[in-house]
Amino acid sequence: MNKLTHFDARGQAHMVDVAAKGETVRTARAGGRIRMLPATLRKIARGSSRKGDVLGVARVAAIQAAKRASELIPLCHPLTLTNISVELELKRKASAVDCEVVVATVGRTGVEMEALTAVAAALLTVYDMCKAIDRGMRLQDIRLLEKKGGKSGHWKASRPGRRR
């Protein structure tokens, strides 16, 4: 895996041809975090944000983003997704919201970009809904945690990272 597949022999960007690949079940799991002031986290937990159910809206944003990743990332293939699972968890000690997304398809290319895009959109939605009370929130550690399927098989992050 030392070749950048999105460049042709002349170094020009192109969409990878996946026509010869076999269809397999493919999944990707991605995660990330948004840190905030403790008071902001309390408002999210109580559901007292002026904009409403922050985590519920963030979950819907993640699902929508996974379905539209190819519209945002120029060389990403449009895929038919078979499942999108979004978990948002309040971490009081860290004063953060953690997001984990699992995306699945039966296809010729993986769903890593869909999972990563979903995490980013969920965390950005939390930011958007709470920015009036906390502009210093920080998105952190958006990363691929695991992928399964396809020619390269199963990959798992060597250190998924402990979150405190």
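Residues numbered from 1 in each chain as written. Predicted model: local features only at pLDDT ≥ 70, side-chain atom pairs only at ≥ 80, totals over all residues. Heavy atoms only, no water.

**A closer look at the pairing of strand 1 (residues 24–35)**
Test applied: Note on pairing: two strands pair once DSSP finds at least 2 bridges between them. Note on conventions: DSSP H or I runs of at least 4 residues are helices, E runs of at least 2 residues are strands, and numbering of each starts at the N terminus.
The pairing of strand 1 with strand 3 (residues 96–107) spans 12 bridges and is antiparallel. Of the residues in strand 3, the one forming a bridge with Gly32 is Cys99. Note: strand 1 against strand 4 (residues 138–148), 8 bridges, orientation antiparallel. By the bridge assignment for strand 4, Thr27 is matched with Lys148.

**Re the confidence of the model for the protein**
What counts is decided by this rule: pLDDT is a per-residue confidence score from the predictor, ranging from 0 to 100.
Confidence in the prediction of the protein, expressed as mean pLDDT, is 90, and 89% of residues score 70 or more. No element of the protein has a lower mean pLDDT than helix 1 (residues 38–46), at 94, and none a higher one than strand 2 (residues 81–91), at 98.

**Examining a nonpolar patch on the surface**
Heads up, the rule is: To count toward a patch, a residue needs a relative accessible area over 30% and no salt bridge; like charges are then connected within 9 Å, while nonpolar side chains (Val, Leu, Ile, Met, Phe, Trp, Tyr) are connected within 5 Å. Per-residue accessibility takes into account occlusion by the displayed protein chains alone, with areas from the Shrake-Rupley method and a 1.4 Å probe. Salt bridges are counted wherever a side-chain nitrogen of Lys or Arg sits within 4 Å of a carboxyl oxygen of Asp or Glu. Burial classification: accessible surface area is computed with a 1.4 Å probe over protein chains only, and a residue below 20% of its type maximum counts as buried, one above 50% as exposed, and the rest as partly exposed.
Together, Leu124, Leu139 and Ile142 line one region of the surface with nonpolar side chains, adding up to about 230 Å² of accessible area. Tracing the backbone through its elements, the reader meets Ile142 in strand 4. On the accessibility criterion, Ile142 (35% relative accessible area) is partly exposed.

**Overview of the environment of Val97**
Just so we agree on the cut-off: Contacts are residue-level and defined by heavy atoms, with any inter-residue pair within 4.5 Å sufficient.
Inspection of the secondary structure assignment puts Val97 in strand 3. C-alpha separation for the pair Val97 and Leu139, spaced 42 residues apart in sequence, amounts to 9.6 Å. Setting aside its immediate chain neighbours within four residues, Val97 contacts Gly32, Arg33, Ile34, Met36, Leu41, Ile44, Leu55, Leu88, Glu89, Leu90 and Leu123.

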